[in-house]
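Results of the structural survey
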Amino acid sequence: MGVEAHATNERVTGRRWTVRLDPVGRGRADVRVSCSRPACAAQVLPSAAAGRTAAIAHLKAHLRAGPAPRPSVHCACRAEECHTHIRPAGPRERPVPWRCGGAVVLAVITDREGRWWQVMECCSRCAAAHPTAKVVATAPAAEASARNDGLRADIAATAATAVPSVHAPTFSAISPHFSHSATATGTAVPQQASAPRSAARSAPRSARPTRKRPPRGRIAQRLVPHDLRPVALRDELTELGELFRAYQARTEPDLAMLADLHARKAEAFHAWAEATADTGLRLDAQRAEQAAATARLQHLHRIGQAPDGEGPAVVRLLTAPAQWKHARAVLAHVAENAPLPGAEARLLVVMVTLRTAQSGVGNLVGQDIKGLPLQDPQHLVEQLVESGWLGISGTAEELIASRPENPTRISVPSLTPDEDDPGPFTFGRKLRPKLSGWAQRVVGEKKLRKGKTGADVRLLALALATGSDGEGRLGPGGEGIGLDALSSWCSVDPADLPDLVDRLTAADWLAEADVTGTHLTGRLTERVLPLGCPLT
C-alpha cells in the first residue's frame, strides 16, 4: 500500500524557460532575440526597441499556446536556493529544506533593464517572493484539492496500518500542511498528550527571538554567498552590486564611471572564480573586462581623445555607429524611391527627406533651397508637387521667397507614419536634426561651394562620406566602391564618374583616387574625415 502511494504521488520539477535579448556585436545597434526552448530559432532585429517588442510577442505566443500550470509539480526554482524554500531549524526541530505553499502558478519574472524574461511553474508563495514576478495562470483549485485529499487519505491509511490503536493525525483544510518533527519520523502521537505538549511548545517559541541573517548581496543576477571568504571579497561584490544598480538609476550616462565599475567587477569575479572553481564566474569576469574596454574606448571617442598608443582621434559630426547606420539608411531609401530622375532632383529629395523623416512633415525656407546647386529650383519644386511626392502650404514661388521668421510648412505623404505603417525610418526626433545638419555640412562644404560644384559632385561626396572606413579608405576594407552603385546614386552615366572624381580631388576631398573598370579606390582626405560615417 505504501509503495503504491509513493508512486502515485511522485512529483516532477516545474517547467522553466527564458527569452533573452542580447547585442549582436560590439558597436552595433541590432540585437538578437533567443529562447531557451530547443524548437525556437534566434531572431536578429535592427534595434533594442524592436527586439524587446519581438521578445515579448514571442513570450506571449508561448504562454497562449502552452498548457496550464500542473497542480502536481514541484517549484521550478527549488534547485536555485530560493530563499522561501529555506526554513532555519530551531531547537528540537528538524530542518525543513523545501517550504512551498499555495496553488501552483505560471509566473513571468524579468530584470529591471528588460534584457530577459523567465517563465516558471512554481507555487504561489515562491512567486510572491520575487519582486518582479507576474502570475499569468493558476492551476485549477479543484485538481489541487483532489490531490491534497488523496495525499491526506494515503497518510491516514499508512498511519492506521502502522499503529492501529492510535487515531490518524488530522490536517487543516485551509492551508498546506508542513510536517513537524513528530510526524516527519512517521511516529504517531496520542491526541490526549498532543494538545498540552503543543501548547507548551508554542509559548516559549513565541517569546524566543527570531534569528535573522543579514541581507544577501546581489550582483549580475547572482547572490553573494554569506559564507564567501575572504570577507573583503564578499563585501566588494556586495558593494559593486549596489553601485551598478545606482548607475542604472542615473539620468545621464558616465562612461568613465561605467568602465571603472566593469574593471572592478572583472577583478572581483576572477577572485570569486578562484575561490569557488566556478567556470561560469571566470567567463563573466572575461566579459566584464571586454565591457570595461568598450566603455573606456567610447568615453575617449566622446571627449575627442585617442586611446594610448594611437594617433589623434577624429572628432566626427555624427559620433555613434547607430547614427552612421541611419544616415546610410536615408540615402538608400532616397535611391530606391526618388520620384524624379536627375542629380538635381535627387539632391533636393535628400534634403527634404531629412527635414521630414521622423513625422512626414517639417518646415522649409527659401534659403534652404537656394543654397543648393539647382538651376531652376522653383520649377523643380513644382515638379515634386505635381508628382504627389511633396505637399506645400502655398505655391512654389512663395516657398522660394519665404524667410526664417515665416517658414513654409511641407509634407511628404510617403514618410507620414500611421497605425499600419510606422514609416521607413526607426530613429527618433532628436536624431533627425543631427542627420539633417550633417547632410547640409557635406553638400555645403566650403571648398565644394567655392568650386561651384554641381549636384552630381555633391551627391558623390555624400556617397563617399558614408562609404569609407574609419581611416577614410573607400569601401569595406579599403577595397573600393563599385562604379555602378556610384553612377546610380549620382544619377549620371558611368563614363562621367572620372570627371566627378577629379573635381572632388581638386576640392581636397579625395586623395590617391583611382578609377578602374569596376571600382573607385582611394581615401578621404584628413580635412573631411570628421564628416565621414565609417563602415563598421
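All values derive from a computational prediction rather than experimental measurement.

The three strands lie next to each other as β12-β14-β13, forming an open sheet whose pairing is antiparallel. Whereas interior strands pair on both sides, the edge strands pair on one side only; in this sheet they are β12 (481-482) and β13 (510-515). Sheet contacts for helix α19 (residues 497-506): β13 and β14 (519-524); angle to β13, the most-contacted strand, approximately 165°.

It is worth spelling out the packing of aromatic side chains at this point. Tallying each qualifying case throughout the model produces two aromatic pairs. Judged by centre distance (5.5 Å) and plane angle (80°), the rings of Phe 269 and Trp 272 are edge-to-face. Residue Phe 269 and its partner Trp 272 are located together in helix α8 (residues 255-276), separated by three residues, close to a single helical turn. Taken as a pair, Phe 269 and Trp 272 share a single burial class, namely buried. With a centroid separation of 5.5 Å and an interplanar angle of 20°, the aromatic rings of Phe 425 and Phe 427 are classed as stacked.

The next point concerns the confidence of the model for the protein. Per-residue confidence for the protein averages 79 on the pLDDT scale, and 77% of its residues sit at or above 70. Low pLDDT (under 50) marks residues 1-9, which in the prediction has four contacts with non-local residues, meaning those over four places away or in another chain. Taken together, the stretch residues 150-206 has pLDDT below 50 and engages in 35 contacts with residues farther than four places along the chain or on a different chain.

Here we take up the nonpolar core. In terms of nonpolar packing, the biggest core is built from 71 residues, with Leu 464 and Trp 509 touching the most fellow members. Excluding residues that lie within four positions of it along the chain, Leu 464 makes contacts with Leu 474, Ile 481, Leu 486, Leu 504, Leu 510, Leu 520 and Leu 524. Counting residues in hydrophobic clusters, the runner-up holds 19 residues, among them Val 224, Tyr 247, Leu 255 and Ala 259.

Moving on, we get to helix α13 (residues 377-386). Pro 377, Leu 380, Val 381 and Leu 384 are the residues of α13 that are buried. For α13, the arc enclosing every buried residue in end-on projection is 100°, short of the 170-degree limit, so these residues lie on one face. The inward-facing, buried residues of α13 contact α11 (343-356), α12 (366-370), β10 (391-392) and α14 (396-401). Directly after α13, the chain includes Gly 388, whose backbone phi takes a positive value near 90°.

Rules used in this analysis
Residues numbered from 1 in each chain as written. Predicted model: local features only at pLDDT ≥ 70, side-chain atom pairs only at ≥ 80, totals over all residues. Heavy atoms only, no water. Pairing = 2+ DSSP bridges. Helix = DSSP H or I, 4+ residues; strand = E, 2+ residues; numbered from the N terminus. Contact = heavy atoms within 4.5 Å. Axes fitted to C-alpha atoms, helices over the stretch in contact; angles between N-to-C directions. Phe/Tyr/Trp six-rings, centres within 6.5 Å; stacked < 30°, edge-to-face > 60°. Buried < 20%, exposed > 50% of the residue type's maximum accessible area, 1.4 Å probe, protein only. pLDDT = per-residue confidence, 0-100. Core = buried A, V, L, I, M, F, W, Y, C linked by side-chain atoms within 4.5 Å. Arc of directions from axis to C-beta.

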